[in-house]
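# Fold and contact review
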Amino acid sequence: MSVHRFPVSFVGAGPGDPELITVKGSRLLREADRIVYAGSLVPVALLEGRKPGAEVHDSAGLALEETHRLLRDGYAAGMRVVRLHTGDPSLYGAIQEQMDLLDRDAIPCEVVPGVSAVFATAAALRQELTLPDISQTLILTRMAGRTPVPEAESLESLASHGATLAVYLSVQRMEEVVSRLSAGYPPHTPVVVAYRVGWPDQVIVRGTLESIAGQVRASGIRRQAIIMIGDVLGARDRDRKTRSRLYDETFSHGFRNGSADT
Ligand SMILES: C[S@@+](CC[C@H](N)C(=O)[O-])C[C@H]1O[C@@H](n2cnc3c(N)ncnc32)[C@H](O)[C@@H]1O
């Protein structure tokens, strides 16, 4: 008798708040026979809704071939296998190499997106990241660590745009981040460092490019934090003149006739 097989599901867990997983991701977790989850940043509460007997494996101490064996053997046995990643799996999740091995072994997979730390931080701040008169661009990046970053994407060159910018995986080198960003942003530019957004021990530090390194040092934050910089983060403190055209009463669009549409 042939075994019915399910594609391996890479699921975004969201940043910490267990309610920030998608409806689809939540269903796949409840139905899973085997869950392989990515260490300390995945909320354990998400695993509590699993069905009786479902296996749970923390991938924190496993090498790529070991996690692959869990996915491959689970698939071959007809298990529903979920590979659970923090935030959105497509960002710094090392999922491509896992999918390459699945492709090599002709194992189908799917990806279910999640809420990335940058968006959870914007929500915690109650802050739009794209304001018409300030920045319409969001850059997501990191500093090089053991993983290299292409030279053309150095923080200095990205900073030259003056756009809203989020730096993952880099808070442990805060002084260096500040010094590199200073190549493009003036010293008074607002900066936010958000630690474990959505978790009970969340901490948000607000400062400027010239103050933030000292504030972060004093707070003791050394990991699991995202750094955000850009003038949008200070917009509440200013008298902004420009509003979006979308809700402007003189602006026409597909769902409304206004008196002007330029
Ligand atoms: C391996 S990356 C994974 C990113 C994840 N895929 C995402 O979309 O958010 C881990 C980094 O994401 C950021 N991060 C993840 N969850 C976070 C949270 N709840 N609060 C603040 N930063 C977070 C931190 O910069 C952390 O070092």
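Quick notes on the rules
- Residues numbered from 1 in each chain as written.
- Predicted model: local features only at pLDDT ≥ 70, side-chain atom pairs only at ≥ 80, totals over all residues.
- Heavy atoms only, no water.
- Phe/Tyr/Trp six-rings, centres within 6.5 Å; stacked < 30°, edge-to-face > 60°.
- Helix = DSSP H or I, 4+ residues; strand = E, 2+ residues; numbered from the N terminus.
- Buried < 20%, exposed > 50% of the residue type's maximum accessible area, 1.4 Å probe, protein only.
- Lys NZ or Arg CZ within 6 Å of the ring centre and 35° of its normal.
- Salt bridge = Lys/Arg side-chain N within 4 Å of Asp/Glu carboxyl O.
- Contact = heavy atoms within 4.5 Å.
- Pairing = 2+ DSSP bridges.
- Axes fitted to C-alpha atoms, helices over the stretch in contact; angles between N-to-C directions.
- Parallel < 35°, antiparallel > 145°, perpendicular 65-115°, else oblique.
- Left-handed = near helix turned anticlockwise from the far one by under 90°.
- Nonpolar A, V, L, I, M, F, W, Y, C, P; charged D, E, K, R; others polar.

## A word on the packing of aromatic side chains
For the structure shown, the criterion picks out 1 aromatic pair. Here Y92 and Y168 contribute two aromatic rings whose centre-to-centre distance is 5.3 Å and whose plane-to-plane angle is 50 degrees, an arrangement assigned as tilted. With Y92 in the loop between β4 (81-85) and α4 (95-104) and Y168 in strand β7 (residues 164-168), the pair connects residues that are 76 residues apart, well separated along the chain. Overall, Y92 belongs to the partly exposed group, its relative accessible area being 37%. Classification of Y168 as buried rests on a relative accessible area of 10%. Sitting above the plane of the Y75 ring, R5 keeps its charged end 5.8 Å from the centroid.

## Some thoughts on the pattern of salt bridges
What the rule picks out here adds up to 13 salt bridges. The shortest N-O distance in the salt bridge between K24 and E110 comes to 3.9 Å. On the criterion of sequence distance, the pair formed by K24 in helix α1 (residues 23-31) and E110 in strand β5 (residues 109-112) is long-range, its members being 86 residues apart. Measuring nitrogen to oxygen at the nearest pair gives 3.0 Å for the salt bridge that ties R104 to D105. You can call D105 partly exposed: its relative accessible area is 27%. Connected through salt bridges with shared partners, the residues E156, R173, E176 and R180 form a single ionic network.

## A look at the environment of V216
Secondary-structure assignment places V216 in helix α8 (residues 212-219). With sequence-adjacent residues up to four places away left out, V216 is seen in contact with V171, M174, V193 and I221.

## Details of the sheet that holds strand β1 (residues 8-12)
The 5 strands are arranged β3-β2-β4-β1-β5 in an open sheet whose pairing can be described as parallel. Edge positions in the sheet fall to β3 (55-58) and β5, since each of these pairs with one other strand and no more. Averaged over all pairs of adjacent strands, the angle between strand axes in this sheet comes to 20 degrees, irrespective of strand direction. Sheet analysis places β1 next to β5, joined by 4 bridges and oriented parallel. Counterpart to S9 in the pairing with β5 is E110. On the sheet, α1 packs against β1, β2 (34-37), β4 and β5 and is oriented at approximately 130 degrees with respect to β5. Docked against the sheet, α4 engages β1, β4 and β5, running at close to 170 degrees with respect to β1.

## Concerning the packing of helix α3 (residues 64-76) against α4
As a packed pair, α3 and α4 sit with axes 10 Å apart at the nearest point and diverge in direction by 50 degrees. Between α3 and α4, the angle is such that the two are oblique. Here α3 runs over α4; the crossing is right-handed. Taking contact as the criterion, the partners of L64, E65, T67, H68 and L71 in α3 are, on α4, E97, Q98, L101, L102 and R104. Classifying every residue of the contact of α3 with α4 gives 4 nonpolar, 3 polar and 3 charged.

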